[in-house]
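Analysis of the macromolecular model
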Amino acid sequence: MKLFGRSSSPADRHRAAAQTYKSIQDRFNAAMRARQSLESVRDDVWDLQLALFEDVVRGHTSVAGPLFSAAHLSFFLEFGTGVDWIRATMSALSFSTACCVIDAVSSERDEPMPAPLLREMRGMALGSAYVAHRCGVPLAGVMTAEAITSLALGDRMITRETTATLSTDDGPAALRRQLSAMRGTATNEMRAARRALRRPAQDSGGLSLREATEQRFLADLATYATTDGTTRLATSPNAVASARAALSSGRTLIYVAPGPRSGAALRLNYPPGDGEICESIELPTLDLPTVRTLVDRVRTAYAAAQRGELGRKALSRLIRETLDQVTASFWDPLLTEWPELRTIPLALIPLGEAALLPFYTALVDDTPACATLNLTIAPSARALLLSTGWQPPPDRKVLVAADPWYDGDGFRSIPRTVPEARAVAAVHGVDPKLFRAADTSADTSEERNSAESSDPLRTINGTLPGDEPAPDIAAHLTGASLIHLACHGELRSDDPLSSSLLLGGRLPLTDILRDNLHPGAMVILSACELGSITGDLPDEQLGFPAALLAVGARSVIGALWPVPDTLATVDLMTDTHRALADSSATRALGRAIGRAHADGVPPSVWASFTCFGA
């Protein structure tokens, strides 16, 4: 398909590409309305994306937008029919390249990734990972997933990467070498895949798509090799970030990708040793409808508990059923296929709405996974790579803060946050920072804790009373290396970066993102749902864990669901801090959760907590 003349200007190229795509889109819409065959549309949009890709390869970034749209439509046409998994995988690679080019252009203009494009990216990360598994090229799924996720935080990650590089003795020269090596990575990656598509058969003497992908991957790793022993934090639009995350963390990476009718687990082994670089298995019962049913069931149950319509025992039974289903759908097939994963360090990267499931605490051999496996969760490999870029500070500066209530209509007091803050602070020999503790007048009698009652939750149930800013807590955050916050939490699906902690006032995520944290800081959020992500843009993995890792944290502990404001929660958090004396964050939390489970503490207390990062 020839679209441009040799001397076409960038504006002319964009106009011709956009007009051609619009014509195809109009035909697609008409065929859908008339329920006609989409075969000609399928072929034409495929040819268009190949032509646009070749133009991007030549350096014409002006057509990245039309390439984004054409690859997106081609992917979903191929994905929907399941006829040609190679085409679907190639479309996903084209789409991820377009995303990276648009993101780079936006960054040059000091602008964020356009919001409408972020919405169109929903579903692409896990969809591309699944089709790559079906195509037999799981490494391509890792490449596209890493290129698509975390773009909303990309600028902060790049800033942190630059800081880490410049802090070395040979920082400026190393940064220049790194940026020079990164130039053209996406172009080279797609050129190799394009050549493989022209000669897909192994017996023809050409490379298969799988071989070409692995060769490009290995070539990129060689490009990024350093000789001075300094950690290099890659931000390339392919699997380099994944490999370097595996190397720096010493963990095997497992991507979890639910599909429409089934799911897949993609395992990245680096260094590969005697095995494959990347391999995958089918997860027959981890499909998107099942994931959404599990998530909705838990959310509905907590909402009923918050209204007093569901007691503690009933809530615990439902949570246990959820943990058992996650085990049956994910851990059982994973450990049956790869039993060696029981003995090696793991990092799970759940894609899309899978990030809302309790993989960390689902039961393995009737014990929470975090207590029996060496396990952490990461929003993306890039986030894991960043978290391992800083070592834990040798001398901890501890900040413990709590706020038991808020003056909003419908808010309930959460008085246990105060004894929690005092107990945690006592472990470290510091004084807690308490907001409005003197105003707490909660009933702490044992009658309120009967087996049939519901627990108060550290979440909001009403209208926030305006934008009263929090006191100077944000300034304290940047100087602390160990941070524990016990308070109400608000997760905003309409505006993720406005999600807030309520500490003497509103402390939105945007305020936290203004400054980097202390390098290698550990953050524990003893508040509802702030380890979760929003429902509108799940592929961005946009929430407190990803954001805090992007601005300097090494580990973040947070909850996927509401947190009960009970003495059992106080004990769990205190046990975690005691274990930090000789353990990493994920080991400490795993030990505390394992002990709580063994002691019969209800899963409503511990099942939602997760450790993110190194």
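Since the model is a prediction, treat every value here as computed from it, not as a measurement.

Our next topic: the packing of aromatic side chains. Per the counting criterion, the structure on display carries 8 aromatic pairs. Centroid distance phenylalanine 330 to tryptophan 331: 4.9 Å. Interplanar angle 70 degrees. Geometry classified as edge-to-face. Looking at phenylalanine 330, the relative accessible area reads 0%, which means it is buried. Tryptophan 331 sits in the buried class, given a relative accessible area of 1%. Judged by centre distance (4.9 Å) and plane angle (70 degrees), the rings of phenylalanine 330 and phenylalanine 359 are edge-to-face.

Structurally, the position occupied by proline 419 is in helix H17 (residues 417-428). For the pair proline 419 and proline 404, spaced 15 residues apart in the sequence, the C-alpha separation amounts to 10.0 Å.

Moving on, we come to the nonpolar core. Trp331 and Leu501 are the most contacted members of the largest nonpolar core, which has 101 residues in total. In contact with tryptophan 331, other than residues within four places in its own chain, are Val326, Leu346, Leu348, Phe359, Ala362, Val364, Ala369, Leu373 and Leu375. Residues Phe53, Val57, Ile102 and Met124 belong to the second largest nonpolar core, which totals 71 residues.

This paragraph deals with the pairing of strand S10 (residues 482-486). In terms of residue burial, S10 counts as a mostly covered element, since 5 of its 5 residues are buried. A two-sided burial pattern is seen for S10, the buried positions comprising Leu482, His484 and Ala486 on one face and Ile483 and Leu485 on the other. By the bridge criterion, 5 bridges tie strand S8 (residues 398-402) to S10 in an arrangement that is parallel. Following the sheet pairing, leucine 399 is matched in S10 by isoleucine 483. With 5 bridges joining them, S10 and strand S14 (residues 521-526) adopt parallel strand pairing.

Bringing the confidence of the model for the chain into the picture now. Predicted coordinates in regions of low pLDDT should not be interpreted in detail. On average, residues of the chain carry a pLDDT of 80, and 75% of them reach 70 or more. At the level of individual helices and strands, the chain shows its lowest average pLDDT in helix H9 (residues 171-182), which scores 46, and its highest in strand S6 (residues 367-368), which scores 98. Scored below 50 in pLDDT, residues 199-206 makes 8 contacts in the model with residues more than four places away or belonging to other chains.

This paragraph deals with the packing of helix H1 (residues 10-34) against helix H3 (residues 64-81). In the contact formed by H1 and H3, the axes pass within 9 Å of each other and the chain directions differ by 25 degrees. Compared by their axis directions, H1 and H3 come out roughly parallel. Helix-helix and strand crossings are classified by hand; for H1 and H3 the assignment is left-handed. Of the residues in H3, those in contact with His14, Ala17, Ala18, Tyr21, Ile24, Gln25 and Phe28 of H1 are Pro66, Ser69, Ala70, Leu73 and Leu77. The class makeup of the residues in the contact of H1 with H3 is 9 nonpolar, 3 polar and no charged.

For the rest of this paragraph, the subject is the packing of helix H6 (residues 124-135) against helix H7 (residues 138-148). Between H6 and H7, whose axes approach to 7 Å, the crossing angle comes to 170 degrees. By the angle class used here, H6 and H7 are roughly antiparallel. Together, Met124, Ala125, Ser128, Ala129, Ala132 and His133 of H6 and Pro138, Ala140, Gly141, Thr144, Ala145 and Ile148 of H7 make up the contact between the two elements. Across the contact of H6 with H7, the residue classes tally to 8 nonpolar, 4 polar and no charged.

The rules behind the values
- Residues numbered from 1 in each chain as written.
- Predicted model: local features only at pLDDT ≥ 70, side-chain atom pairs only at ≥ 80, totals over all residues.
- Heavy atoms only, no water.
- Phe/Tyr/Trp six-rings, centres within 6.5 Å; stacked < 30°, edge-to-face > 60°.
- Buried < 20%, exposed > 50% of the residue type's maximum accessible area, 1.4 Å probe, protein only.
- Helix = DSSP H or I, 4+ residues; strand = E, 2+ residues; numbered from the N terminus.
- Core = buried A, V, L, I, M, F, W, Y, C linked by side-chain atoms within 4.5 Å.
- Contact = heavy atoms within 4.5 Å.
- Pairing = 2+ DSSP bridges.
- pLDDT = per-residue confidence, 0-100.
- Axes fitted to C-alpha atoms, helices over the stretch in contact; angles between N-to-C directions.
- Parallel < 35°, antiparallel > 145°, perpendicular 65-115°, else oblique.
- Left-handed = near helix turned anticlockwise from the far one by under 90°.
- Nonpolar A, V, L, I, M, F, W, Y, C, P; charged D, E, K, R; others polar.

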